[in-house]
Amino acid sequence: MVDEEKDEMIVTPWEVRGEIDYARLIREFGTEPITESLLERIAKHTGELHLQLRRRLFFSHRDLDIILDLLDKGTKFVLYTGRGPSGPVHIGHLVPWIFTKYLQDKFDTRLYFQMTDDEKFVVEDKLRLEETKNFGYENALDLIALGFEPEDTFMIFDVDDIDLLYDIALKVAKRTTYSTAKATFGFRDSTNIGWIFWPAIQAVPCFIHEKLTGENVPALIPAAIDQDPYWRITRDVAPKLGYYKPAQIHCRFLPGLGTGGKMSASEPETSIYTTDSPDAVKKKIWNAYTGGKATVNEQEKLGGDPNICTIFQYLLYLFEQNDEELVERERSCKAGETLCGHCKDELTEKVNKFLAEHQKKREKARSRLADFHIKR
Ligand code: TYM
(Lines give C-alpha, C1' and ligand atoms only; values in the text may rest on other atoms or scores of the structure.)
Protein backbone atom coordinates (compact mmCIF):
# COMPACT_ATOMS: atom_id res chain seq x y z
CA MET A 1 0.00 0.00 0.00
CA VAL A 2 1.81 3.12 -1.16
CA ASP A 3 0.54 6.51 -0.13
CA GLU A 4 2.31 9.79 -0.67
CA GLU A 5 0.53 11.62 2.18
CA LYS A 6 2.98 12.11 5.04
CA ASP A 7 0.85 11.01 7.98
CA GLU A 8 -1.09 8.38 6.07
CA MET A 9 -0.76 4.75 7.08
CA ILE A 10 1.86 3.00 4.97
CA VAL A 11 2.47 -0.72 5.41
CA THR A 12 4.84 -2.42 2.99
CA PRO A 13 7.61 -4.97 3.59
CA TRP A 14 10.07 -2.04 3.44
CA GLU A 15 8.25 0.74 5.21
CA VAL A 16 5.69 1.01 8.02
CA ARG A 17 4.55 4.39 9.24
CA GLY A 18 1.60 6.49 10.35
CA GLU A 19 -1.12 5.34 12.69
CA ILE A 20 -1.80 1.69 11.96
CA ASP A 21 -5.44 0.75 11.49
CA TYR A 22 -5.43 -3.04 11.75
CA ALA A 23 -9.10 -3.51 10.83
CA ARG A 24 -8.40 -1.57 7.64
CA LEU A 25 -5.37 -3.74 6.88
CA ILE A 26 -7.51 -6.86 7.16
CA ARG A 27 -9.97 -5.34 4.69
CA GLU A 28 -7.42 -4.01 2.24
CA PHE A 29 -5.04 -6.98 2.32
CA GLY A 30 -8.00 -9.37 2.16
CA THR A 31 -6.98 -11.43 5.21
CA GLU A 32 -9.24 -12.93 7.91
CA PRO A 33 -9.54 -11.84 11.53
CA ILE A 34 -8.64 -14.40 14.18
CA THR A 35 -11.98 -15.26 15.74
CA GLU A 36 -12.87 -16.66 19.13
CA SER A 37 -13.75 -20.02 17.55
CA LEU A 38 -10.36 -20.21 15.82
CA LEU A 39 -8.68 -19.49 19.16
CA GLU A 40 -10.66 -22.34 20.70
CA ARG A 41 -9.49 -24.68 17.95
CA ILE A 42 -5.86 -23.66 18.57
CA ALA A 43 -6.29 -24.13 22.32
CA LYS A 44 -7.38 -27.73 21.73
CA HIS A 45 -3.82 -28.41 20.59
CA THR A 46 -1.87 -26.02 22.78
CA GLY A 47 -3.72 -25.92 26.09
CA GLU A 48 -3.35 -22.40 27.46
CA LEU A 49 -3.08 -19.80 24.72
CA HIS A 50 0.13 -17.83 24.33
CA LEU A 51 -0.20 -14.27 25.58
CA GLN A 52 0.26 -12.99 22.04
CA LEU A 53 -2.94 -14.84 21.13
CA ARG A 54 -4.80 -14.03 24.35
CA ARG A 55 -4.03 -10.34 23.90
CA ARG A 56 -4.86 -10.45 20.18
CA LEU A 57 -1.39 -9.31 19.16
CA PHE A 58 -1.68 -12.00 16.50
CA PHE A 59 -4.90 -10.74 14.99
CA SER A 60 -5.19 -11.88 11.39
CA HIS A 61 -4.54 -14.94 9.23
CA ARG A 62 -4.86 -16.66 5.90
CA ASP A 63 -5.87 -20.34 5.87
CA LEU A 64 -5.06 -21.04 9.50
CA ASP A 65 -8.41 -22.89 9.61
CA ILE A 66 -7.28 -25.04 6.69
CA ILE A 67 -4.01 -25.85 8.50
CA LEU A 68 -6.07 -27.04 11.48
CA ASP A 69 -8.45 -29.02 9.24
CA LEU A 70 -5.49 -30.78 7.63
CA LEU A 71 -3.97 -31.44 11.03
CA ASP A 72 -7.22 -33.04 12.17
CA LYS A 73 -6.94 -35.37 9.18
CA GLY A 74 -3.33 -36.23 9.96
CA THR A 75 -1.38 -33.85 7.66
CA LYS A 76 1.22 -31.89 9.60
CA PHE A 77 2.58 -28.46 8.68
CA VAL A 78 5.96 -26.79 8.82
CA LEU A 79 6.72 -23.32 10.10
CA TYR A 80 8.52 -20.66 8.09
CA THR A 81 9.73 -17.24 9.17
CA GLY A 82 12.75 -15.01 8.61
CA ARG A 83 14.82 -11.91 8.96
CA GLY A 84 16.22 -9.27 6.62
CA PRO A 85 19.62 -8.60 8.20
CA SER A 86 20.08 -4.85 7.71
CA GLY A 87 21.37 -4.17 11.23
CA PRO A 88 21.12 -5.51 14.75
CA VAL A 89 17.94 -7.24 15.92
CA HIS A 90 15.51 -5.09 17.90
CA ILE A 91 12.95 -6.37 20.37
CA GLY A 92 10.12 -5.91 17.84
CA HIS A 93 11.66 -8.71 15.74
CA LEU A 94 11.52 -10.97 18.77
CA VAL A 95 7.70 -10.74 18.90
CA PRO A 96 6.99 -13.15 16.00
CA TRP A 97 10.06 -15.28 16.78
CA ILE A 98 9.01 -15.93 20.39
CA PHE A 99 5.59 -16.88 19.08
CA THR A 100 7.13 -19.14 16.44
CA LYS A 101 9.05 -20.98 19.17
CA TYR A 102 5.79 -21.49 21.05
CA LEU A 103 4.09 -22.92 17.93
CA GLN A 104 7.08 -25.13 17.24
CA ASP A 105 7.02 -26.54 20.78
CA LYS A 106 3.26 -27.02 20.89
CA PHE A 107 2.82 -28.54 17.44
CA ASP A 108 6.19 -30.32 17.32
CA THR A 109 7.03 -29.01 13.85
CA ARG A 110 10.06 -28.13 11.83
CA LEU A 111 10.95 -24.47 11.28
CA TYR A 112 12.55 -23.02 8.15
CA PHE A 113 14.19 -19.70 8.92
CA GLN A 114 15.37 -17.53 6.02
CA MET A 115 18.13 -14.96 6.49
CA THR A 116 17.74 -12.62 3.53
CA ASP A 117 21.20 -11.09 3.18
CA ASP A 118 20.52 -10.82 -0.57
CA GLU A 119 17.27 -8.86 -0.07
CA LYS A 120 18.86 -6.30 2.20
CA PHE A 121 21.79 -5.90 -0.17
CA VAL A 122 19.61 -5.15 -3.22
CA VAL A 123 17.08 -3.02 -1.35
CA GLU A 124 19.34 -0.89 0.86
CA ASP A 125 21.46 1.49 -1.21
CA LYS A 126 24.15 1.93 1.39
CA LEU A 127 24.74 -1.64 2.52
CA ARG A 128 27.56 -3.78 1.11
CA LEU A 129 27.01 -7.51 0.66
CA GLU A 130 29.68 -8.34 3.25
CA GLU A 131 27.75 -6.20 5.74
CA THR A 132 24.36 -7.84 5.22
CA LYS A 133 25.99 -11.30 5.39
CA ASN A 134 27.70 -10.35 8.59
CA PHE A 135 24.51 -8.93 10.14
CA GLY A 136 22.90 -12.25 9.16
CA TYR A 137 25.41 -14.25 11.22
CA GLU A 138 25.03 -11.83 14.14
CA ASN A 139 21.20 -11.93 13.91
CA ALA A 140 21.25 -15.74 13.91
CA LEU A 141 22.73 -15.54 17.43
CA ASP A 142 19.50 -13.89 18.59
CA LEU A 143 17.44 -16.67 17.13
CA ILE A 144 19.55 -19.36 18.76
CA ALA A 145 19.37 -17.43 22.07
CA LEU A 146 15.57 -17.79 21.96
CA GLY A 147 16.00 -21.56 22.28
CA PHE A 148 15.70 -22.85 18.70
CA GLU A 149 17.60 -26.10 18.23
CA PRO A 150 19.27 -27.48 15.09
CA GLU A 151 17.28 -30.75 15.17
CA ASP A 152 14.09 -29.00 14.13
CA THR A 153 15.30 -25.60 12.87
CA PHE A 154 16.69 -25.29 9.37
CA MET A 155 18.36 -21.95 8.77
CA ILE A 156 18.80 -20.72 5.23
CA PHE A 157 21.33 -18.00 4.46
CA ASP A 158 20.32 -16.92 0.98
CA VAL A 159 23.74 -16.07 -0.44
CA ASP A 160 25.52 -19.09 1.03
CA ASP A 161 22.64 -21.47 0.28
CA ILE A 162 21.49 -20.18 -3.11
CA ASP A 163 22.17 -23.58 -4.73
CA LEU A 164 19.41 -25.00 -2.53
CA LEU A 165 16.93 -22.28 -3.45
CA TYR A 166 17.56 -21.49 -7.08
CA ASP A 167 15.51 -24.13 -8.92
CA ILE A 168 12.32 -23.39 -6.95
CA ALA A 169 12.94 -19.62 -7.22
CA LEU A 170 13.09 -19.96 -11.01
CA LYS A 171 9.81 -21.89 -11.07
CA VAL A 172 8.12 -19.20 -8.96
CA ALA A 173 9.62 -16.38 -11.03
CA LYS A 174 8.47 -17.93 -14.31
CA ARG A 175 4.87 -17.92 -13.09
CA THR A 176 4.89 -14.39 -11.68
CA THR A 177 4.38 -11.57 -14.15
CA TYR A 178 6.04 -8.20 -13.83
CA SER A 179 2.64 -6.54 -13.73
CA THR A 180 1.56 -8.63 -10.70
CA ALA A 181 4.83 -7.91 -8.91
CA LYS A 182 4.61 -4.23 -9.74
CA ALA A 183 1.00 -3.99 -8.54
CA THR A 184 1.95 -5.79 -5.32
CA PHE A 185 5.19 -3.99 -4.48
CA GLY A 186 4.96 -0.68 -6.35
CA PHE A 187 8.19 -1.09 -8.36
CA ARG A 188 9.28 1.85 -10.49
CA ASP A 189 11.47 2.25 -13.56
CA SER A 190 14.36 3.15 -11.27
CA THR A 191 13.98 -0.04 -9.16
CA ASN A 192 17.01 -2.28 -9.64
CA ILE A 193 16.27 -5.66 -11.21
CA GLY A 194 17.67 -7.57 -8.21
CA TRP A 195 14.78 -6.24 -6.19
CA ILE A 196 12.28 -7.28 -8.86
CA PHE A 197 13.44 -10.94 -8.87
CA TRP A 198 13.77 -10.98 -5.10
CA PRO A 199 10.15 -11.96 -4.14
CA ALA A 200 10.68 -15.32 -5.88
CA ILE A 201 13.44 -16.09 -3.36
CA GLN A 202 11.33 -15.20 -0.33
CA ALA A 203 8.68 -17.63 -1.66
CA VAL A 204 11.05 -20.62 -1.78
CA PRO A 205 11.08 -21.74 1.89
CA CYS A 206 7.27 -22.15 1.66
CA PHE A 207 7.99 -25.13 -0.59
CA ILE A 208 11.45 -26.33 0.40
CA HIS A 209 10.29 -29.05 2.78
CA GLU A 210 9.16 -31.24 -0.10
CA LYS A 211 12.51 -30.90 -1.84
CA LEU A 212 14.39 -31.82 1.34
CA THR A 213 12.18 -34.61 2.66
CA GLY A 214 9.80 -35.69 -0.11
CA GLU A 215 6.85 -34.74 2.13
CA ASN A 216 4.40 -32.24 0.60
CA VAL A 217 2.91 -30.36 3.57
CA PRO A 218 1.73 -26.75 3.95
CA ALA A 219 3.82 -24.02 5.56
CA LEU A 220 2.45 -21.71 8.24
CA ILE A 221 4.17 -18.34 8.43
CA PRO A 222 4.12 -16.34 11.69
CA ALA A 223 5.23 -12.75 10.99
CA ALA A 224 4.04 -9.18 11.30
CA ILE A 225 1.56 -8.14 8.63
CA ASP A 226 4.15 -6.09 6.70
CA GLN A 227 5.35 -9.30 5.01
CA ASP A 228 1.90 -10.17 3.65
CA PRO A 229 2.42 -8.87 0.07
CA TYR A 230 4.98 -11.64 -0.51
CA TRP A 231 2.47 -14.29 0.43
CA ARG A 232 -0.15 -12.99 -1.97
CA ILE A 233 2.17 -13.71 -4.87
CA THR A 234 3.35 -17.01 -3.41
CA ARG A 235 -0.20 -18.20 -2.79
CA ASP A 236 -1.14 -17.53 -6.42
CA VAL A 237 1.76 -19.59 -7.67
CA ALA A 238 1.62 -22.49 -5.18
CA PRO A 239 -1.15 -24.60 -6.78
CA LYS A 240 0.42 -24.15 -10.22
CA LEU A 241 3.55 -25.80 -8.86
CA GLY A 242 1.65 -28.57 -7.05
CA TYR A 243 2.13 -27.20 -3.54
CA TYR A 244 -0.27 -26.18 -0.79
CA LYS A 245 -0.85 -22.45 -0.49
CA PRO A 246 1.24 -21.21 2.45
CA ALA A 247 -0.86 -20.07 5.43
CA GLN A 248 -0.12 -17.02 7.53
CA ILE A 249 -0.69 -15.77 11.03
CA HIS A 250 -0.06 -12.04 11.30
CA CYS A 251 0.94 -9.94 14.30
CA ARG A 252 0.73 -6.25 15.04
CA PHE A 253 3.82 -4.07 15.20
CA LEU A 254 5.56 -3.37 18.45
CA PRO A 255 5.74 0.42 18.17
CA GLY A 256 8.93 2.44 18.39
CA LEU A 257 9.43 4.51 21.52
CA GLY A 258 8.39 7.65 19.62
CA THR A 259 5.03 8.27 17.93
CA GLY A 260 3.45 6.24 15.09
CA GLY A 261 4.65 3.32 12.96
CA LYS A 262 6.65 0.35 14.20
CA MET A 263 9.92 -0.16 15.95
CA SER A 264 12.34 0.25 13.09
CA ALA A 265 16.04 -0.55 12.92
CA SER A 266 16.59 2.67 10.98
CA GLU A 267 15.53 4.74 14.02
CA PRO A 268 18.08 3.83 16.70
CA GLU A 269 16.91 6.30 19.38
CA THR A 270 13.43 4.80 19.46
CA SER A 271 14.43 1.14 19.05
CA ILE A 272 15.74 -1.19 21.75
CA TYR A 273 18.32 -3.53 20.26
CA THR A 274 19.05 -6.89 21.83
CA THR A 275 22.66 -5.79 22.18
CA ASP A 276 21.91 -2.50 23.99
CA SER A 277 23.63 -1.76 27.31
CA PRO A 278 21.51 -1.22 30.47
CA ASP A 279 22.30 2.52 30.33
CA ALA A 280 21.25 2.81 26.69
CA VAL A 281 17.96 1.02 27.49
CA LYS A 282 17.32 3.32 30.43
CA LYS A 283 17.97 6.42 28.36
CA LYS A 284 15.71 5.31 25.52
CA ILE A 285 12.87 4.37 27.87
CA TRP A 286 13.17 7.63 29.79
CA ASN A 287 12.82 9.57 26.52
CA ALA A 288 9.84 7.50 25.38
CA TYR A 289 6.48 8.85 24.33
CA THR A 290 3.85 8.01 26.96
CA GLY A 291 0.14 8.55 27.49
CA GLY A 292 0.84 10.80 30.47
CA LYS A 293 -0.36 14.35 31.00
CA ALA A 294 1.87 17.43 30.93
CA THR A 295 1.98 17.92 34.71
CA VAL A 296 1.70 15.71 37.80
CA ASN A 297 -1.38 17.65 38.85
CA GLU A 298 -3.18 17.04 35.58
CA GLN A 299 -2.14 13.38 35.56
CA GLU A 300 -3.56 12.86 39.06
CA LYS A 301 -6.77 14.66 38.14
CA LEU A 302 -7.41 13.31 34.62
CA GLY A 303 -5.39 10.09 34.49
CA GLY A 304 -3.19 8.85 31.67
CA ASP A 305 -3.97 7.04 28.41
CA PRO A 306 -2.36 3.58 28.23
CA ASN A 307 -3.70 3.05 24.70
CA ILE A 308 -1.28 5.57 23.24
CA CYS A 309 1.54 4.88 25.70
CA THR A 310 4.58 3.08 24.27
CA ILE A 311 5.63 1.93 27.76
CA PHE A 312 2.29 0.18 28.22
CA GLN A 313 2.57 -1.40 24.77
CA TYR A 314 5.95 -2.96 25.67
CA LEU A 315 4.42 -4.47 28.80
CA LEU A 316 1.47 -5.72 26.75
CA TYR A 317 3.59 -7.30 23.98
CA LEU A 318 6.49 -8.76 25.92
CA PHE A 319 7.30 -7.67 29.42
CA GLU A 320 4.21 -8.20 31.63
CA GLN A 321 3.32 -11.86 31.47
CA ASN A 322 0.67 -11.64 34.17
CA ASP A 323 -2.72 -10.59 32.74
CA GLU A 324 -4.08 -9.39 36.09
CA GLU A 325 -1.06 -7.18 36.73
CA LEU A 326 -1.51 -5.68 33.30
CA VAL A 327 -5.17 -4.91 33.87
CA GLU A 328 -4.35 -3.36 37.23
CA ARG A 329 -1.64 -1.18 35.66
CA GLU A 330 -4.09 0.00 33.03
CA ARG A 331 -6.67 0.84 35.67
CA SER A 332 -4.29 2.72 37.94
CA CYS A 333 -2.90 4.71 35.00
CA LYS A 334 -6.37 5.77 33.84
CA ALA A 335 -7.30 6.64 37.43
CA GLY A 336 -4.27 8.91 37.75
CA GLU A 337 -2.84 6.79 40.56
CA THR A 338 0.41 6.01 38.74
CA LEU A 339 2.87 8.45 37.23
CA CYS A 340 4.83 7.75 34.05
CA GLY A 341 8.17 7.72 35.89
CA HIS A 342 7.02 4.70 37.89
CA CYS A 343 6.12 2.68 34.76
CA LYS A 344 9.34 3.76 33.02
CA ASP A 345 11.39 2.56 35.99
CA GLU A 346 9.61 -0.79 36.09
CA LEU A 347 9.87 -1.34 32.35
CA THR A 348 13.58 -0.46 32.38
CA GLU A 349 14.14 -3.07 35.06
CA LYS A 350 12.18 -5.74 33.20
CA VAL A 351 13.84 -5.05 29.84
CA ASN A 352 17.33 -5.03 31.33
CA LYS A 353 16.67 -8.26 33.18
CA PHE A 354 15.48 -9.91 29.98
CA LEU A 355 18.40 -8.54 27.96
CA ALA A 356 21.03 -9.59 30.51
CA GLU A 357 19.84 -13.20 30.12
CA HIS A 358 19.40 -12.93 26.36
CA GLN A 359 22.87 -11.45 25.88
CA LYS A 360 24.46 -14.30 27.84
CA LYS A 361 22.67 -16.89 25.68
CA ARG A 362 23.54 -14.89 22.57
CA GLU A 363 27.27 -15.05 23.36
CA LYS A 364 27.06 -18.77 24.04
CA ALA A 365 25.38 -19.20 20.66
CA ARG A 366 28.57 -18.07 18.85
CA SER A 367 30.06 -21.51 19.24
CA ARG A 368 26.85 -23.15 17.96
CA LEU A 369 26.54 -21.58 14.49
CA ALA A 370 28.15 -24.65 12.91
CA ASP A 371 25.48 -26.89 14.50
CA PHE A 372 22.96 -25.03 12.34
CA HIS A 373 25.15 -25.62 9.26
CA ILE A 374 25.85 -21.92 9.03
CA LYS A 375 28.86 -21.64 6.77
CA ARG A 376 30.52 -18.58 8.30
P1 TYM B 1 12.46 -8.04 8.81
O2 TYM B 1 13.90 -8.25 9.10
O3 TYM B 1 12.01 -6.68 8.40
O4 TYM B 1 11.62 -8.46 10.06
C5 TYM B 1 11.81 -9.72 10.70
C6 TYM B 1 10.49 -10.15 11.32
O7 TYM B 1 10.09 -9.22 12.34
C8 TYM B 1 8.80 -8.71 12.04
N9 TYM B 1 8.82 -7.32 12.54
C10 TYM B 1 8.11 -6.92 13.60
N11 TYM B 1 7.22 -7.58 14.38
C12 TYM B 1 6.64 -6.89 15.39
N13 TYM B 1 6.92 -5.59 15.64
C14 TYM B 1 7.79 -4.89 14.89
N15 TYM B 1 8.06 -3.61 15.16
C16 TYM B 1 8.43 -5.56 13.81
N17 TYM B 1 9.35 -5.20 12.87
C18 TYM B 1 9.56 -6.29 12.11
C19 TYM B 1 8.63 -8.85 10.54
O20 TYM B 1 7.28 -8.92 10.15
C21 TYM B 1 9.35 -10.18 10.32
O22 TYM B 1 8.49 -11.25 10.66
N23 TYM B 1 11.81 -9.91 4.15
C24 TYM B 1 11.85 -10.23 5.58
C25 TYM B 1 12.68 -11.47 5.89
C26 TYM B 1 11.93 -12.74 5.63
C27 TYM B 1 10.76 -13.17 6.32
C28 TYM B 1 10.41 -14.41 5.74
C29 TYM B 1 10.02 -12.61 7.37
C30 TYM B 1 12.22 -13.70 4.70
N31 TYM B 1 11.32 -14.69 4.76
C32 TYM B 1 9.29 -15.11 6.21
C33 TYM B 1 8.91 -13.31 7.83
C34 TYM B 1 8.55 -14.54 7.25
C35 TYM B 1 12.37 -9.05 6.39
O36 TYM B 1 13.06 -8.20 5.90
O37 TYM B 1 11.99 -9.10 7.73
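Residues numbered from 1 in each chain as written. Predicted model: local features only at pLDDT ≥ 70, side-chain atom pairs only at ≥ 80, totals over all residues. Heavy atoms only, no water.

Caption draft 1: Spatial organisation of the pairing of strand 5 (residues 78-83). Within strand 5, 5 of the 6 residues are buried, which leaves it mostly tucked inside the rest of the structure. Relative to strand 8 (residues 219-224), strand 5 runs parallel, the two sharing 2 bridges. Bridge pairing in strand 8 places Leu79 opposite Leu220. (Buried < 20%, exposed > 50% of the residue type's maximum accessible area, 1.4 Å probe, protein only. Helix = DSSP H or I, 4+ residues; strand = E, 2+ residues; numbered from the N terminus. Pairing = 2+ DSSP bridges.)

Caption draft 2: Structural detail: the nonpolar core. With 77 residues, the main nonpolar core has Val11, Leu53, Ile91, Met155, Leu220, Ile272 and Tyr314 as its most contacted residues. Among the nonpolar cores identified, the runner-up in size contains 31 residues, and Val78, Ala200, Ala219 and Ala238 belong to it. (Core = buried A, V, L, I, M, F, W, Y, C linked by side-chain atoms within 4.5 Å.)

Caption draft 3: Representation of the side chain of Thr338. Looking at where Thr338 falls in the secondary structure, it is placed in the loop between helix 16 (323-334) and helix 17 (340-365). For Thr338, a relative accessible area of 10% gives the class buried. Looking at Thr338, its side chain comes within polar contact range of the side chain of Ser332, at 2.7 Å. Apart from residues no more than four positions distant in its own chain, Thr338 is found in contact with Gln299, Ser332, Cys333 and Cys343. (Polar contact = N/O pair within 3.5 Å; in protein donor to acceptor, adjacent residues only side chain to side chain. Contact = heavy atoms within 4.5 Å.)

Caption draft 4: Structural view of the site of the ligand. Around the ligand lies a shell of 25 residues, among which Tyr80, Arg83, Gly84, Glu119 and Asp226 are the nearest. Within the backbone of Gly84, a nitrogen or oxygen atom sits 2.8 Å from an oxygen atom of the ligand. Between the ligand and Gly92 there is a distance of 3.3 Å, counted from a nitrogen atom to a backbone nitrogen or oxygen. For the ligand, whose unbound accessible area comes to 680 Å², protein coverage reaches 99%. (Near = heavy atom within 4 Å. Areas by Shrake-Rupley, 256 points an atom, 1.4 Å probe, with all protein chains shown as cover.)

Caption draft 5: Highlighting unusual backbone geometry. Located in the positive-phi region is Arg56, a residue other than glycine, with phi close to 60 degrees. The residue Arg56 is located in the loop between helix 3 (51-54) and strand 4 (58-62) in this model.

Caption draft 6: Region of the structure containing helix 17. In this model, helix 17 (26 residues) spans 36 Å end to end at C-alpha, consistent with the 38 Å of a helix rising 1.5 Å per residue. Where helix 17 is concerned, the buried positions are Cys343, Lys344, Leu347, Thr348, Val351, Asn352, Leu355, His358, Arg362 and Ala365. (Expected span 1.5 Å × (residues − 1).)

Caption draft 7: Seen up close, the packing of aromatic side chains. For the structure on display, the rule yields 19 aromatic pairs. The interplanar angle of 50 degrees and the centroid separation of 5.2 Å between the aromatic rings of Phe185 and Tyr230 together place this pair among those described as tilted. Here the residue Phe185 occupies a position in helix 9 (residues 178-185), and Tyr230 occupies one in helix 12 (residues 228-237), the gap between them amounting to 45 residues. The pair formed by Phe185 and Tyr230 is uniform in burial state, with each residue classed as buried. One aromatic cluster is present, built from ring pairs that chain together Trp14, Tyr80, Phe185, Phe187, Trp195, Trp198, Tyr230 and Trp231. Of note, Arg252 hangs over the ring of Tyr22, and the distance from its end group to the ring centre comes to 4.7 Å. Sitting over the face of the ring of Phe59, Arg252 holds its NZ or CZ atom 5.1 Å from the ring centroid. (Phe/Tyr/Trp six-rings, centres within 6.5 Å; stacked < 30°, edge-to-face > 60°. Lys NZ or Arg CZ within 6 Å of the ring centre and 35° of its normal.)

Caption draft 8: Representation of the pairing of strand 4 within the structure. Summarising burial for strand 4: 5 of the 5 residues are buried, a large majority. In the sheet, strand 3 (residues 32-33) pairs with strand 4 via 2 bridges, with the strands oriented antiparallel. Bridge pairing in strand 4 places Pro33 opposite Ser60. Note: strand 4 against strand 9 (residues 247-251), 4 bridges, orientation antiparallel. When the bridges of strand 9 are listed, Phe58 appears paired with Cys251.

Caption draft 9: Layout of the confidence of the model for the protein. For the protein, mean pLDDT is 94; residues scoring 70 or higher make up 97% of the total. Overall, residues 1-5 carries pLDDT values under 50, and its contacts beyond four positions in sequence, including any with other chains, amount to 14 contacts. (pLDDT = per-residue confidence, 0-100.)

Caption draft 10: View of the side chain of Gln299. Topologically, Gln299 is positioned in helix 14 (residues 296-302). Since its relative accessible area comes to 3%, Gln299 is described here as buried. Filtering out sequence-adjacent residues up to four positions away, Gln299 remains in contact with Gly292, Lys293, Gly304, Gly336, Thr338, Leu339 and Cys340.

Caption draft 11: Here's a closer look at a positive patch on the surface. Together, Lys171, Lys174, Arg175 and Lys240 line one region of the surface with positive charge. Note on placement: Lys240 falls in the loop between helix 12 and strand 9. When its relative accessible area of 54% is taken as the criterion, Lys240 is described as exposed. (Patch = residues over 30% accessible without salt bridge, like charges linked within 9 Å, V, L, I, M, F, W, Y side chains within 5 Å. Salt bridge = Lys/Arg side-chain N within 4 Å of Asp/Glu carboxyl O. Lys, Arg positive; Asp, Glu negative; His and termini not counted. Charge placed at Lys NZ, Arg CZ, Asp CG, Glu CD.)

Caption draft 12: Examining the pattern of salt bridges more closely. In this structure the tally under the stated criterion is 31 salt bridges. One salt bridge in this structure joins Lys133 and Asp160, with 3.3 Å as the shortest N-O distance. Here the residue Lys133 occupies a position in helix 7 (residues 129-145), and Asp160 occupies one in the loop between strand 7 (153-157) and helix 8 (162-174), the gap between them amounting to 27 residues. Residue classification places Lys133 among the partly exposed positions, given a relative accessible area of 22%. The exposure class assigned to Asp160 is buried, which follows from its relative accessible area of 18%. When salt bridges with common partners are traced through the structure, they connect Glu138, Asp142, Arg362, Glu363 and Arg366 into a single cluster.

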